[in-house]
There are 2 protein chains.
Amino acid sequence: MAEASQSRVAAGARADDGTERKDRYHHGDLRESLIEATRALVHAKGAEHFTLADACRFAGVTTAAPYKHFRDKQEILEIVCQRGFEKLKADTAHAVEVAGPGTLEAIQLMGRAYTTFASTEPNLFRLMFGQNSDLKTAGIVDEAGTGCLAYLIEQVALFIEKQGRAEDPRHVALKLWTFVHGASCLLIDHDYDKVAPGLDVEALVNSASRDILGS
Amino acid sequence: MAEASQSRVAAGARADDGTERKDRYHHGDLRESLIEATRALVHAKGAEHFTLADACRFAGVTTAAPYKHFRDKQEILEIVCQRGFEKLKADTAHAVEVAGPGTLEAIQLMGRAYTTFASTEPNLFRLMFGQNSDLKTAGIVDEAGTGCLAYLIEQVALFIEKQGRAEDPRHVALKLWTFVHGASCLLIDHDYDKVAPGLDVEALVNSASRDILGS
DNA sequence: TTGCGAAGTCAGCGGCACTAACTTATGTAA
DNA sequence: TTACATAAGTTAGTGCCGCTGACTTCGCAA
C-alpha cells in the first residue's frame, strides 16, 4: 500500500540541467509538469517561440505524451493564460486592501499592480491581452477580464461618490484602464525606450490618473 | 530588343485565384511581389500565421526563391513593418494639415488617425508595436516611431503655448500617445468587447484628450 | 555571339504539431 | 494474490515549415 503510493511522488526528481529525470515509465504528474514548463518557457522566450517539444524535453517525456493530457498546444497556453488572469486579479485586489477602498491611492495602486504585472511577466501579459483569437474564443479571458475591470469600476464609483461628483464611473474606469494598459504595452514592448529613455512610468500613470479623475 | 524587354513586364500576370501565373522562368519583380504578398497575408491572417511558403505560392515561385532577395523570413516582415510606419506617419501628418496646426482638433484628429490605422490594419499594427525583439533590434522602428511622436509633441507644444500654460509638452504628448495606444490595443484585441460592447472609442479618446490637455 | 551573373528550380535537412498503434504500469475486483 | 481494464507512457510516421547547396535558365553587356 505505502509502496504503491510512492510511485506517485515524482516531484523533485530533477537533474542538474533542470530537466526531469527519466527513471520510471510513468511521470507522476505530467499534466502539471507540462503546464509549469509552458509557463516557464513562455516567460523566458515568449509565446511565439514556445514549442511543445521544448516543454516535453523539460518534463523528460516524448513529444507524443502531452496529447494524453491536452487536446493540443493551444489548450496548454489557454491554461497558462487563465492562471495569469487569476494572478492579475489577486494582485489588483491586494492593492485595494492595502490602500483602503475608494481612495485615490487605491486606484493608483491598482494601476501600479497592473503595470508591475506587465513588466514582471511581459510575455504572459502579451499572451493574455494579445490577439490570439483562438484563445479569446475559448471564453477564458472574458470572465477574468470582466472581473478585473469590475473591481476598478467599484473603486472609481466609491471615489467619485466621496468627491460628490456626477460622472459615470464606468466611463472613468474605462479611461483609466485604457491608459494603464497603453502604458504597460509601450513599456514592455520597449516603445518608450528610444523616445523617452528612463521614463518613470509610475509617475506618468499617476499624473494621468489625476487628469482623468479630475483631482 | 523589344522582345527581350517584354519578359520584364510581369505585373498583372495573375490567374483567377489571384496567384501569379507561371509562364516564364524569371518573375520580373519577385522582390516587390513577395513584399506585397506578405503584406496581404499578414493583413489577412496575422503575422503569427504568416508563412513564407504561402507568399511563394501567391507569387507563383518555389519556396527557395525568396532567399535570392531576402536574408530570411524576418527581413520581409521588417520591410512590411517599415512601410507600415511610413503610412502611419503620413496619416498623422495629414490629420494636422486638415485640422490646422496647434489646435485641439489637430491633436484629436491625430489620435483618430492612430486608432483608425490600428483598426483598419490590426495585424500590421501588432507587428509594428508588438515585442518581436528581432524586429526592434533592427532599428527600423526607432526612426519611424520617433518621427511620429515628434509630430505630436510639436502640436502639443503649439497648443499649450496658445493656451498660455506652462506644462512640459513632451510629458503631455507622452500621456496622449499612451492613451491612444492603449485604446488602439484594447480595441483591436477585442478586449473592450465583453466589457463595454459598442464602445465609442473616438469619443473615449476625445474625452481623455480633454482631461489630459486640461481643457 | 558569347559568356557571366542574376534569378530561378530541385532535392534534401532538421524541427515542429499531431496521430495511430503499441507497451508498460497501476489500482481494482475476484 | 492474481488477473485485468485502462491510464499513461513510447515508437514510428505524416505533412508542413524555414532554410541550404547544387544545378539550370535566362538576360545583358562586351
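Residues numbered from 1 in each chain as written. Chains lettered and ligands numbered in written order. Predicted model: local features only at pLDDT ≥ 70, side-chain atom pairs only at ≥ 80, totals over all residues. Heavy atoms only, no water.

Student: Before we go on, may I ask you to explain the overall build of chain A in this structure?
Tutor: The number of helices and strands found in chain A is ten helices and zero strands. Mapped in sequence order, the helices and strands of chain A form the string α-α-α-α-α-α-α-α-α-α. For chain A, the residues scored as buried account for 49% of the 215 residues in total. Long-range contacts, defined here as pairs at least 24 residues apart, represent 64% of the contacts in chain A between residues at least 6 apart. (Helix = DSSP H or I, 4+ residues; strand = E, 2+ residues; numbered from the N terminus. Buried < 20%, exposed > 50% of the residue type's maximum accessible area, 1.4 Å probe, protein only. Contact = heavy atoms within 4.5 Å.)

Student: Explain the interface of chain A and chain B here, please?
Tutor: Interface extent is often summarised as the accessible area lost during association of the parts. The interface of chain A with chain B comprises 37 residues on the first partner and 37 residues on the second. With both chains or domains summed, chain A and chain B bury close to 3,200 Å², and 62% of this area falls on carbon and sulfur atoms. It is A:Gln131, A:Thr178 and A:Val195 that lose the most area in chain A upon contact with chain B, and together they represent 18% of the buried surface on that side. A:Asp211 is the salt-bridge partner of B:Lys175, the closest N and O atoms lying 2.6 Å from each other. At the boundary of chain A with chain B, the tally comes to eight residue pairs in polar contact (both at pLDDT 80 or more). Those elements that provide at least two residues to the side of chain A that touches chain B are helix H6 (122–129), helix H7 (133–137), helix H8 (140–163), helix H9 (169–188) and helix H10 (201–213) of chain A. It is H9(A) that contributes the most residues to the side of chain A that touches chain B, 13 residues altogether. Taken together, the residues of the side of chain A that touches chain B break down into 16 nonpolar, eleven polar and ten charged. (Buried area = accessible area lost by both parts, 1.4 Å probe. Salt bridge = Lys/Arg side-chain N within 4 Å of Asp/Glu carboxyl O. Polar contact = N/O pair within 3.5 Å; in protein donor to acceptor, adjacent residues only side chain to side chain. Nonpolar A, V, L, I, M, F, W, Y, C, P; charged D, E, K, R; others polar.)

Student: Honestly, the side chain of A:Glu121 in this entry has me stumped. Any pointers?
Tutor: Residue and element names in this part refer to chain A. Note on placement: Glu121 falls in the loop between helix H5 (104–120) and H6. We note that Glu121 is buried and unpaired, the nearest opposite charge coming from Arg39 at a distance of 4.3 Å. Glu121 has contacts with Arg39 and His43, leaving out every residue within four places of it along the chain. (Lys, Arg positive; Asp, Glu negative; His and termini not counted.)

Student: Explain the relation of the copies chain A and chain B here, please?
Tutor: Put simply, the two copies of the chain differ by a rotation about an axis and a shift along that axis. Screw-axis analysis of chain A against chain B gives a translation of 0.0 Å along the axis, an RMSD of 0.1 Å, and a rotation angle of 180°. In short, the pair behaves as if placed about a two-fold rotation axis. By C-alpha distance to the rotation axis, the residue of chain A lying nearest is A:Gly182, at 1.7 Å. The residues that chain A uses at the interface reappear at the interface of chain B in 100% of cases, marking a shared surface. (Least-squares fit on C-alpha atoms with pLDDT ≥ 70 in both.)

Student: Explanation requested: the pattern of salt bridges in the structure shown.
Tutor: Close approach of charged atoms lets side chains of opposite charge pair. Following the criterion strictly, the structure yields 21 salt bridges over all chains and no others. Measuring nitrogen to oxygen at the nearest pair gives 3.0 Å for the salt bridge that ties A:Asp72 to A:Arg71. Its relative accessible area of 29% is what places A:Asp72 among the partly exposed residues. Look at A:Arg71 and you get exposed, because its relative accessible area is 53%. One salt bridge connects B:Asp189 with B:Arg126, and the closest N-O pair in it is separated by 2.8 Å. Pair noted here: B:Asp189 is in the loop between helix H9 (169–188) and helix H10 (201–213) and B:Arg126 is in helix H6 (residues 122–129), with a separation of 63 residues, a long-range link. In this structure B:Asp189 comes out as buried when scored by relative accessible area, which is 6%. The network of salt bridges with common partners includes A:Lys45, A:Asp54 and A:Arg57.

Student: Any chance you could explain unusual backbone geometry here in plain terms?
Tutor: One can expect most non-glycine residues to show negative phi and most peptide bonds to be in trans. Residues other than glycine seldom take positive phi values, yet A:His190 does so here, at roughly 65°. Relative to the assigned elements, A:His190 resides in the loop between H9 and H10.

Student: What exactly am I supposed to notice about the domain arrangement of chain A here?
Tutor: Residues and elements named next belong to chain A. Once the domains are mapped, chain A shows domain 1 (2–68) and domain 2 (80–213). If you look at the interface, domain 1 gives ten residues, while domain 2 gives seven residues. The junction of domain 1 with domain 2 conceals about 640 Å² of combined surface from both sides, 58% of it contributed by carbon and sulfur atoms. Scanning the region where domain 1 abuts domain 2 turns up one salt bridge. At the boundary of domain 1 and domain 2, one finds four residue pairs in polar contact (both at pLDDT 80 or more). (Domains from an automatic or database assignment.)

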